[in-house]
Amino acid sequence: MSEPSPPSGRSPYANVTIDTRPLWRILIERAYRPGMLALGATVYLAMRLAPTPDGLSIVGQKALAIFLLCLVFWVTSAIPLVATSLLAMVLLPVTHVLSPKETYALFGNEAVFFILGAFILAATLMKCGLSTRLALAILRRFGHTPKRLLLSLFLMNALMSFFMSEHGVAAMTFPITLEIARVLRLPPRQSNYGKALFIAMAWGTQIGGIATLLGGGRAPLAIGMLREASGQTFSFLEWSLTAWPIVAVLLVAGWRIILRWFPIDIDSVRAADQIIEDKVLRMGRMSVRERTIGLIMLATLAVWIAGGEELGLANVALGAVVAIFVLKLLRWSDIEPYVNWGVLFMYGGAIALGSALNRSGASHWIAGVTISRWATNPIEVIAIISAFGIVLTEAMSHSAVVALLMPVALGIATQYGMDPRIMAPAVALPSGLAFTLPVGTPGNAIAYASGYMQLRDMLVPGAVLVFVAWIAFNVTAIYYWPLIGLPLVPR
Amino acid sequence: MNPVELKIALATRGVRLDDHLRALLSSVPDFTPGALELLLPEDVRVRVPFDDATSTTAPYAVVGEDGRTFVIDADVLRVEVEAGVMPRFYGRRTASGRPMWQVATVEGSYLLVSPTGTCGFSTRGAPCAFCREGARPVGERDRAASIADVVDVVRAAFEEGVADSVLFNANVYDAEDGGIAFLTPYVEGIRKHFDTFVAAQVHPPRTNTWIDRTYAMGVDAISYNLELFDPGVLDRHCIGRARYIGRERYLEALAYAASVFPAGTVWSDLVLGLEPADATIAGIEALAGMGVVPVLSVYHLGPDMIPQVTPDEAAEVVGRLERAVRERKLVVAWIRDLTLGITPLDACRLTGSTPPGSATVQALTRWRLGAYAARGIARFRRRLRVKAISDSLDSSHL
């Protein structure tokens, strides 16, 4: 008699898990959200009803109340980040901080469209399989020993995050990494090599993600807010020149830390070679479509570097997108699932709020009552802002940190006579460096979710890398940035 | 005689019925019940088997006199009882034409819904083909009642006021999920149309994720019936359970379910009389130790069968049941009114003790407002405990 067969079909409850902690703990956790909503509302009302502080206009007070409300919601994630930005966009015209026309015009900021273009281009790479092909090619070419495979994975993630959203890269390379770990029979939570593979994936994407304007939305958002406040901006090349020393230091430091914390405990990766070889075989030759998309990407990159300032970064990105559709390389429905539309709303709202704070003088006032009291010179200002960014981003969305700190940083720049341009990388670069906690960034969350790591595997080495990153950032800002025309204080 | 002792005696030995009661039980066309439900003193319910064999050999008889009903024996026993009235909906058909009694029957205060057939000693009073031989009924899914049929029957029973909760039991068994996947659309159907407690008796699934899903889909109480604790006896009497599932998996699944479901809503039956009393007592201790409510199901002995336990030993087992739940402070008031089972509440009645927490639960469920509140609490608990995995990912801003 045979064993009864399993049922066909997929259970609608396939994705549930039961929280078996004591109910009082769950209740406290569940009360968190309404508590934070109430806190936000209380903070808002308290700010609105309080006597107007010296040095702050009534409009500034209203803008500050909205900012504090958004601050509570962004930090606590009481409502989705996107919804918080939309709330700001609703409140700004309702409270007459900005007119409706001004508010919604800010949503049309170039940064928002640049991010949209970058999303679509990254989606194109993923949809046509070119990104996977590139990843496999790197691993196949270089990864024949355990150490070289690990290094290839680390650098491959970093390299790809130069051109695509780091989150997208992590999502794309995770299945490859997982398959390598499985085929090598690395025991989850025990194998050093298994831990090293996933840490390399997570750290590689983050370090690569700060290298260009394409690694995530942080840099375009910061530049968008800078442009609204001061009219200044960064070209594609300028931004990469600003970031590269930090990227280089972190790649070396990250690699050394991985090797030190997770000494390689396997002798051969032949099984992984076979898997990679099989995958390459399955992909076959590069199609005409892939070649064409690759050419468009290279051309786009070249134009961003050579003529991005004159043509506009967003124009170049959207031009490339149009070219892809003119050539029928993709359908619109192909890229829709890959584009995070909510993030665009989030950035639009954050830029509008930042602009309102600047125009009303509220950011200047905030700077006066916060960092100005602790810092005595521009070097200390940069040290404090970067420390805030690097700490906050461990628990908050990278973009929320930028939205939070950038208006304040711009206000501080005015007070200390600093070049406002410096505040864009001073806020955006540290806010992309979350190495210690799974919630810090999707890359970390994906690595942790692999089951190959425990929290302390990420926590301790991550904290060391965060410290290195903060030092490297400040040394770069103080000694290197002036050499490329970005002095802390304009001459 | 203590009513619980009487319950055991009646359930194991059966009764003879007088013609008047037989006529009452034959009032539904094509429906021949094999048992009569009696309400004994102290609200003890029992389902007493009667068939051709018991009609001549059973030592007890149920007789009607002047509109009252008595259980008597050949000696001095004469206890007034209430005979369960045949629900009117047994005589009705669902919209698809299926007789309602084929879909569900009233057992105590709950409606036993079995879209196919039932499995387990506690509902049949005897082993089914799966338990006995490891065989599955052929084409059981094809003959299964539809969801609309089940909803029809539950509505009819609730409107008639003969039951207030639903217990699913099916003889469909799948190795992976233990049969709960088959019951899922039925549970969803009940959840969609009625505000009621839902319990299920199935086999343990292969993985604990199915237990999570069982709770998530709206099952309030769950039973994986081990039936026999002694491995050798289990191998002999419950071939299907031993071969396809295994004793250890029963215990693992029960322990896990006890951590998922509310306290006192996971139970497992141990058949009284098929294995030595020591084995049953060890089973009681093991189940109670993991937070599972043990229930002793009463096995209907045939005329030529010799019980493995003497009446004294049976009393000792029931006493140990009471002591085990009291020592472990198990909530025992949710599992009650099992007509073929000796619940811990029954055991407390036998020993005269008061079970912990029972007053609160009974107060909650006996009155309409209390029952409404209890269901609300159950729903709230489920909302707190059940998490979609995507929620976890959302919280990490993926």
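Further up the page is the structure itself.
All residue numbers refer to positions counted from 1 along the written sequence of the respective chain. In the order they appear in the text, chains get letters beginning with A and ligands get numbers beginning with 1. In keeping with the model being predicted, local features are shown solely for residues with a pLDDT of at least 70 and side-chain atom pairs are shown and tallied solely at 80 or more, while totals for entire chains, interfaces and linings include all residues. Only hydrogens and water are set aside; all other atoms, that is, all heavy atoms of the structure, feed into the side-chain values.

Student: With reference to specific residues and values, describe the overall build of chain A.
Tutor: Helix numbers and strand numbers start at the N terminus; a helix is a DSSP run of H or I with at least 4 residues, a strand a run of E with at least 2. Helix and strand content of chain A: 23 helices and 1 strand. Relative accessibility thresholds used throughout: buried, under 20% of the residue-type maximum; exposed, over 50%; partly exposed, between the two (1.4 Å probe, protein chains only). Among the 491 residues that make up chain A, the fraction classed as buried is 56%. In chain A, the proportion of contacts linking residues at least 24 apart, taken out of those at least 6 apart, comes to 79%. Per-residue and other accessible areas were derived by the Shrake-Rupley procedure at a 1.4 Å probe size, with only the shown protein chains allowed to occlude residues. For chain A, the accessible area works out to roughly 20,300 Å², and carbon and sulfur atoms hold 65% of it. By definition, residues are in contact when any of their heavy atoms lie within 4.5 Å.

Student: Describe the pairing of strand β3 (residues 44-49) of chain B, naming the residues involved and giving the relevant values.
Tutor: Most of β3 of chain B is tucked away, with 5 of its 6 residues classed as buried. Counted between consecutive antiparallel strands, the loop separating strand β2 (residues 35-40) of chain B from β3 of chain B contains 3 residues, among which Glu 42 of chain B sits at a positive phi close to 65°. Any two strands with at least two DSSP bridges between them are considered paired.

Student: Account for the packing of helix α2 (residues 58-76) of chain A against helix α17 (residues 362-369) of chain A, with residues named and values stated.
Tutor: Think of two packed helices as two axes; the pair is described by the angle between the axes and how far apart they sit. Residue and element names in this part refer to chain A. Between N-to-C directions, angles span 0 to 180 degrees; the directions come from axes that are lines fitted to C-alpha atoms, helices contributing only their stretch in contact. As a packed pair, α2 and α17 sit with axes 9 Å apart at the nearest point and diverge in direction by 70°. Comparing the axis directions of α2 and α17 gives the class roughly perpendicular. The residues of α17 that touch α2, namely those facing Gly 60, Leu 64 and Phe 67, are Ala 362, Trp 365 and Ile 366. Gly falls in the polar group here, along with every residue not listed as nonpolar (Ala, Val, Leu, Ile, Met, Phe, Trp, Tyr, Cys, Pro) or charged (Asp, Glu, Lys, Arg). For the contact of α2 with α17, the per-class residue count stands at 5 nonpolar, 1 polar and no charged. Angular relationships are summarised with four words: roughly parallel below 35 degrees, roughly antiparallel beyond 145, roughly perpendicular across 65 to 115, and oblique for the angles in between.

Student: Tell me about the sheet that holds β3 of chain B, residues and numbers included.
Tutor: Residues and elements named next belong to chain B. Pairing within the open sheet is mixed, and its 6 strands lie in the order β1-β4-β5-β6-β2-β3. Every other strand in the sheet has two partners, leaving β1 (15-17) and β3 as the edge strands with one partner each. Mean inter-strand twist for the sheet, computed between neighbouring axes without regard to direction, equals 40°. For strand β5 (residues 68-73) and strand β6 (residues 78-83), the ladder comprises 4 bridges, and the chain directions are antiparallel. Opposite Ile 72, over in β6, you have Arg 78 as the bridge partner. This element, helix α1 (residues 3-13), spans β1, β2, β3, β4 (60-65), β5 and β6 of the sheet and lies at about 15° to β3.

Student: Just give me the short version of the environment of Arg 88 of chain B, but keep the residues and values in it.
Tutor: Considering the arrangement of structural elements, one finds Arg 88 of chain B in the loop between β6 and β7 (104-107). Put simply, Arg 88 of chain B and Trp 101 of chain B are 13 residues apart on the chain and 9.9 Å apart in space, counted from C-alpha to C-alpha.

Student: Please give an account of the pairing of strand β9 (residues 165-169) of chain B that cites residues and values.
Tutor: All names here are of chain B. With 5 of 5 residues buried, β9 lies mostly within the body of the structure. Residues Ser 165, Leu 167 and Asn 169 point to one face of β9 and Val 166 and Phe 168 to the other, with burial holding for every one of them. Two strands pair when backbone bridges link them, and β9 and strand β10 (residues 197-202) are joined in this way by 5 bridges, in the parallel orientation. By the bridge assignment, Asn 169 is partnered in β10 with Gln 201.

Student: Account for the pattern of salt bridges, with residues named and values stated.
Tutor: Only one rule defines a salt bridge in this text: a Lys or Arg side-chain nitrogen within 4 Å of an Asp or Glu carboxyl oxygen. Evaluation of the coordinates by the stated rule reveals 29 salt bridges over all chains. Two residues, Glu 238 of chain A and Arg 421 of chain A, come together in a salt bridge whose shortest N-O distance is 3.2 Å. Of the two residues, Glu 238 of chain A sits in helix α11 (residues 236-261) while Arg 421 of chain A sits in the loop between α20 (398-416) and α21 (423-428), which places them 183 residues apart along the sequence. Using a relative accessible area of 28% as the deciding quantity, one classes Glu 238 of chain A as partly exposed. A salt bridge links Glu 248 of chain B to Arg 247 of chain B, with the shortest nitrogen-to-oxygen separation between them at 3.1 Å.

Student: Can you break down the side chain of Ser 152 of chain A residue by residue, with the values?
Tutor: Inspection of the secondary structure puts Ser 152 of chain A in helix α7 (residues 146-163). Identification of polar contacts relies on pairs of N or O atoms within 3.5 Å, with a donor-acceptor requirement for protein atoms, meaning one able to donate a hydrogen and the other able to accept it, and with residues adjacent in sequence counted only if both atoms are side-chain atoms. Here Arg 148 of chain A takes part through its backbone oxygen, which lies 2.6 Å from a polar atom of the side chain of Ser 152 of chain A.

Student: So, the sheet that holds strand β14 (residues 341-342) of chain B: which residues are in play, and what are the values?
Tutor: Residue and element names in this part refer to chain B. Here we have 8 strands laid out as an open sheet, ordered β7-β8-β9-β10-β11-β12-β13-β14, and mixed in their pairing. What marks the edges here is a single partner per strand, and that holds for β7 and β14. Inspection of the sheet shows strand β12 (residues 266-272) paired to strand β13 (residues 293-298) by 6 bridges, in the parallel sense. If you follow Leu 272 over to β13, its bridge partner there is Val 298.

Student: Describe a nonpolar patch on the surface, listing the residues and the values that go with them.
Tutor: Residue and element names in this part refer to chain A. In this analysis, a patch consists of residues with relative accessible area above 30% that form no salt bridge, clustered at 9 Å for like charges and at 5 Å for the nonpolar side chains Val, Leu, Ile, Met, Phe, Trp and Tyr. Residues Leu 237, Leu 241, Trp 244, Ile 305, Leu 483 and Ile 484 make up a contiguous nonpolar surface patch of about 570 Å² in total accessible area. Of note, Leu 241 is situated in helix α11. On the basis of relative accessible area, Leu 241 is assigned to the partly exposed category, the value being 37%.

Student: Describe the packing of aromatic side chains, listing the residues and the values that go with them.
Tutor: Residues and elements named next belong to chain B. Stacked, tilted and edge-to-face pairs are distinguished by plane angle, under 30 degrees for stacked and over 60 for edge-to-face with tilted covering the rest, among Phe, Tyr and Trp rings (Trp via its six-membered ring) whose centres lie within 6.5 Å. Under the criterion given, the structure shown has 18 aromatic pairs over all chains. Judged by centre distance (5.0 Å) and plane angle (85°), the ring pair of Phe 89 and Tyr 90 falls under edge-to-face. Of the residues examined, Phe 89 reaches a relative accessible area of 0% and is grouped as buried. Criterion for a charge above a ring: Arg CZ or Lys NZ at most 6 Å from the ring centre, at most 35 degrees from the ring normal. Just above the ring of Phe 70 sits the side chain of Arg 78; from NZ or CZ to the centre is 4.2 Å. A cation over a ring is seen here: Arg 382 above Tyr 215, with NZ or CZ 4.6 Å from the ring centre.

Student: Requested: an account of helix α8 (residues 209-216) of chain B, with residues and values cited.
Tutor: For α8 of chain B, the buried fraction is high: 7 of the 8 residues fall into the buried class. Taken together, the buried positions of α8 of chain B are Trp 210, Ile 211, Asp 212, Arg 213, Thr 214, Tyr 215 and Ala 216 of chain B. Its buried side turned inward, α8 of chain B meets β1 (16-18) of chain A together with α7 (180-193), β11 (221-224), α11 (247-260), α16 (368-385) and β15 (386-388) of chain B. In the stretch just after α8 of chain B, Gly 218 of chain B is the one whose phi turns positive, near 120°.

Student: Which residues make up the packing of α7 of chain A against α11 of chain A, and what values do they have?
Tutor: All names here are of chain A. Contact geometry of α7 with α11 gives a least axis separation of 12 Å together with a crossing angle of 150°. Taken together, the axes of α7 and α11 lie roughly antiparallel to each other. The two elements α7 and α11 cross, and the hand of that crossing is right-handed. Across the interface between the two elements, Lys 147, Leu 150, Leu 151, Phe 154, Leu 155, Ala 158 and Phe 162 from α7 touch Val 247, Leu 251, Gly 254, Trp 255, Ile 258 and Leu 259 from α11. Taken together, the residues of the contact of α7 with α11 break down into 11 nonpolar, 1 polar and 1 charged. When the near helix sits turned anticlockwise from the far one by under a right angle, the crossing is termed left-handed; a clockwise turn instead gives a right-handed crossing.

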